[in-house]
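# Results of the structural survey
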Amino acid sequence: MIKGSGVDPVTPGTVVVMFAVVAVVCKPLVGLATDRMGIRLAVAVLLCFVRDRDPIP
């Protein structure tokens, strides 16, 4: 993939590391939220942050 697109190998590595750091931080926070609010309310709140960027016409 790096050879095909001509991207420096550091760039995709940086993206992977950023995703990993965000996951390490957010997963325990989501666990705390579900413990405090209950699973239904926590899922409803989390769904408010998800939106369809490419809606089907």
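This text follows the structure it describes.
Description of the structure in this document. Source: prediction; values computed, not measured.

Helices and strands together make up the secondary structure of the protein chain, namely 3 helices and 0 strands. Put simply, the protein chain runs from its N terminus to its C terminus through helices and strands in the order α-α-α. In the protein chain, buried positions account for 2% of the 57 residues. Summed over its atoms, the accessible surface of the protein chain is roughly 5400 Å², and 72% of this surface lies on carbon and sulfur atoms.

Between helix α2 (residues 10-37) and helix α3 (residues 39-48), whose axes approach to 7 Å, the crossing angle comes to 130 degrees. Regarding the angle of α2 to α3, the classification is oblique. Residue-level inspection shows Val-30, Ala-33, Thr-34 and Met-37 of α2 in contact with α3, the latter providing Ile-39, Leu-41, Ala-42 and Leu-46.

How each quantity is defined
Residues numbered from 1 in each chain as written. Predicted model: local features only at pLDDT ≥ 70, side-chain atom pairs only at ≥ 80, totals over all residues. Heavy atoms only, no water. Helix = DSSP H or I, 4+ residues; strand = E, 2+ residues; numbered from the N terminus. Buried < 20%, exposed > 50% of the residue type's maximum accessible area, 1.4 Å probe, protein only. Areas by Shrake-Rupley, 256 points an atom, 1.4 Å probe, with all protein chains shown as cover. Axes fitted to C-alpha atoms, helices over the stretch in contact; angles between N-to-C directions. Parallel < 35°, antiparallel > 145°, perpendicular 65-115°, else oblique. Contact = heavy atoms within 4.5 Å.

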